[in-house]
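Summary of structural features
Below are the chains, spelled out letter by letter.
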Amino acid sequence: MGNHRDQVRRVISDYLAGLDQSLQRLNLDIHGNPELAYEEHYAHDTISTFLGQLDVVVTRSAYGLATCFEATGGSGGRCVNFNAELDALPGIGHACGHNLIATASVAAFLALRHAIAEFAVQGRVQLLGTPAEEDGGGKIGLLKAGAYEKADVSLMVHPMAESSFRDRGVVGAAGQRSIACLDLVCTYTGVSAHAGANPWEGVNALDAFVTAYMNISALRQQIQPQDRIHGTILEAPQITNAIPEKTVAKFSVRSTTMSSLARLAERVRLCLEAGALATGCHAAFEDTPAYADLRVNEHLCAEYRRSMQEQGETLLRVEDDVMTGSTDQGNVSHAMPALHGIIGIPVPNGAQNHTHEFCVASGQLAAYKIMLKAAAAMAMTGWAFLTDDLFYARVEKAHE
């Protein structure tokens with residue numbers, strides 16, 4: 001078995017070495033053309049064309065989503081899914097390294113597809129282009145649309161600043177739990193009136209927001225240390241000489257689990273409703289999908305960590321600290337066993353994700369190189385899942 005594993009690893013490594021230049025170009029193309037949630041047309045087209053040139057079967061605009069693509073390979077047996085996140089952030093580009101996530105998933109998908117063919121084993125691979133991870137939860141919509149129904153496991157890796165890990169002698173973690181998140185979007189509608197001549201005839205929608213904001217600021221003292229509430233004005237009044245008749249606010253609420261999130265979100269909703277009640281405005285809420293907490297599968301983590309170790313990179317199996325960010329891969333991890341590995345990339349001054357510095361770092365060669373190792377490790381983890389019945393059973397049991 002050991003010799004066979006070495007053989008598979010060599011085949012995967014040689015195959016990825018042959019694709020190295022074109023994968024580097026793909027990574028830089030996506031990095032240099034950042035697109036916001038549900039608008040990732042360039043990334044969708046570029047990756048789809050790249051895969052098509054390698055004779056991969058690709059469905060563009062899959063599952064009713066313009067910027068989702070699906071690529072498949074292999075036949076029979078179990079199915080391994082890889083997620084290619086595509087979207088960037090407003091004003092700061094690929095500051096969460098989704099170009100690296102996409103490139104690593106594309107590489108892992110292609111490598112595992114190649115190994116399946118090379119060794120003539122049963123097994124299938126699926127690559128999904130998953131839009132809107134930063135805002136909107138593309139994977140949540142894809143789960144509802146049945147995009148994951150053929151998959152038995154879902155694998156992806158995420159870059160972080162390596163400075164968070166280097167003092168512990170590691171370059172990342174195979175697994176890290178994250179918390180659940182929900183966005184509350186509230187539109188306050190009031191009545192306009194001349195602010196100088198007859199303000200008493202107006203109903204002030206900006207006051208409704210300000211009152212609600214103060215309510216939420218007071219609430220923050222009474223919440224759990226790991227809970228988070230942060231908000232902004234999406235649409236604000238633009239003039240001073242009319243009583244504001246419309247204000248749109250958005251608050252993101254985060255908590256450890258889906259049930260604690262539901263309780264906290266209800267408290268925030270009451271704060272927002274109180275702003276309307278106090279000012280006489282009408283409050284209307286827009287329903288947005290909740291990002292679930294990320295479930296960690298220890299067996300997937302151990303196998304992935306082993307494959308990184310074989311390439312000379314040491315990871316924690318599971319990071320003890322819970323990531324206070326959220327991901328829609330959390331929703332996938334409730335539906336099936338899932339991996340969301342954390343890989344450290346070099347960032348000058350150790351700046352974390354969602355910064356200009358991290359955006360620059362995610363376009364550097366050093367970041368691409370470590371993510372390609374992560375891709376090879378994902379392919380090997382997928383291989384174990386497809387070919388090792390004992391490992392498959394352990395992963396499944398841990399998920400249940």
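Labelled according to an unreviewed UniProt entry, the protein chain appears under the name Peptidase M20 domain-containing protein 2, originating from Aspergillus versicolor CBS 583.65.

Looking at the confidence of the model for the protein chain
Across the protein chain, pLDDT averages 97, with 100% of residues at or above 70. The secondary-structure element of the protein chain with the lowest mean pLDDT is helix α5 (residues 163-166), recorded at 94, while helix α3 (residues 98-118) shows the highest, at 99.

Observations regarding the sheet that holds strand β11 (residues 316-323)
Reading across the sheet, the eight strands line up as β1-β2-β4-β3-β5-β12-β6-β11 and stay open at both edges, with mixed pairing between neighbours. Both edges of this open sheet fall to β1 (57-59) and β11, since each of them pairs with a single strand only. Strand-to-strand, the axes of this sheet are offset by a mean angle of 30°, without reference to chain direction. In the sheet, β1 pairs with strand β2 (residues 70-75) via three bridges, with the strands oriented antiparallel. Residue pairing in the sheet places V57 in a bridge with T72 of β2. Against the sheet, helix α11 (residues 365-387) engages β3 (79-85), β4 (123-130), β5 (153-161) and β12 (338-345), with an angle of about 160° to β5.

Quick word on unusual backbone geometry
Phi angles above zero are rare outside glycine, and A132 is one such case at about 55°. On the basis of relative accessibility, which here comes to 0%, the residue A132 falls in the buried class.

Here's the deal with the sheet that holds strand β10 (residues 282-286)
The pairing of strands in a sheet happens through backbone hydrogen bonds and is either parallel or antiparallel. If you walk across this open sheet you meet the four strands as β8-β9-β7-β10, and the pairing is antiparallel. At either margin of the open sheet sits one strand with a lone partner, and together these are β8 (228-235) and β10. Taken over all neighbouring pairs, the strand axes of this sheet differ in orientation by 25° on average, direction set aside. Of the pairings in the sheet, the one linking strand β7 (residues 180-189) to β10 comprises five bridges and is antiparallel in character. Paired with C186 across the bridge in β10 is F285. Its contacts with the sheet place helix α6 (residues 205-219) against β7, β8 and β9 (246-255), and it is angled at close to 15° to β9. Running over the sheet, helix α7 (residues 258-279) touches β7, β8, β9 and β10 and is turned about 15° from β7.

A look at the UniProt feature "domain: Peptidase M20 dimerisation" (unreviewed entry) in the protein chain
When the UniProt feature table is mapped onto this chain, "domain: Peptidase M20 dimerisation" (unreviewed entry) is found at residues 185-274. As annotated, residues 185-274 has a helix share of 36% and a strand share of 26%, and its two end C-alpha atoms lie 15 Å apart.

Brief notes about the pattern of salt bridges
Should the charged atoms of two oppositely charged side chains come close, the side chains can pair. One pass over the full model with this rule turns up 18 salt bridges. Between E162 and R166 there is a salt bridge; the shortest N-O distance is 3.1 Å. Relative accessible area serves as the criterion here: at 19%, E162 is assigned to the buried category. By relative accessible area, which is 46% here, R166 ends up partly exposed. Its salt-bridge partner being K373, residue E313 comes within 2.9 Å of it at the nearest N-O pair. Taken together, the residues span a long stretch of sequence, with E313 in the loop between α8 (298-309) and β11 and K373 in helix α11 at a distance of 60 residues. The class of E313 is buried, set by a relative accessible area of 15%. Via salt bridges that share partners, R5, D6, R9, E303, R306 and E310 belong to a single interconnected network.

Here's the deal with the packing of α6 against α7
Contact geometry of α6 with α7 gives a least axis separation of 8 Å together with a crossing angle of 145°. Seen from above, α6 lies across α7 with right-handed handedness. Residues D207, A208, T211, A212, N215, I216 and L219 of α6 pack against R267, V268, C271, L272, A274, G275, A276, A278 and T279 of α7. Among the residues making up the contact of α6 with α7, the classes are represented as ten nonpolar, four polar and two charged.

Comments concerning the state of the cysteines
What is meant by a disulfide is a covalent connection between two cysteines, made through their sulfur atoms. Scanning the model with the defined rule gives zero disulfides in all. The closest cysteine sulfur to the non-disulfide-bonded C271 is located on C186, 12 Å from its own sulfur. Here C301 stays free of any disulfide, with the sulfur of C96 as its closest cysteine sulfur at 19 Å.

Regarding the packing of α8 against α11
Viewed as axis vectors pointing N to C, α8 and α11 meet at an angle of 130°, and their least axial separation amounts to 8 Å. The pairing of α8 with α11 is recorded here as oblique in orientation. Like other packed secondary-structure pairs, α8 and α11 cross with a definite hand, here right-handed. Here L300, E303, Y304, S307 and M308 of α8 lie close against α11, whose contacting residues are I370, K373, A374, A377, M378, M380, T381 and A384. The class makeup of the residues in the contact of α8 with α11 is nine nonpolar, two polar and two charged.

Calculation criteria
Residues numbered from 1 in each chain as written. Predicted model: local features only at pLDDT ≥ 70, side-chain atom pairs only at ≥ 80, totals over all residues. Heavy atoms only, no water. pLDDT = per-residue confidence, 0-100. Helix = DSSP H or I, 4+ residues; strand = E, 2+ residues; numbered from the N terminus. Pairing = 2+ DSSP bridges. Axes fitted to C-alpha atoms, helices over the stretch in contact; angles between N-to-C directions. Contact = heavy atoms within 4.5 Å. Buried < 20%, exposed > 50% of the residue type's maximum accessible area, 1.4 Å probe, protein only. UniProt positions renumbered as here; feature names shortened; annotations may be inferred. Salt bridge = Lys/Arg side-chain N within 4 Å of Asp/Glu carboxyl O. Left-handed = near helix turned anticlockwise from the far one by under 90°. Nonpolar A, V, L, I, M, F, W, Y, C, P; charged D, E, K, R; others polar. Disulfide = S-S within 2.5 Å. Parallel < 35°, antiparallel > 145°, perpendicular 65-115°, else oblique.

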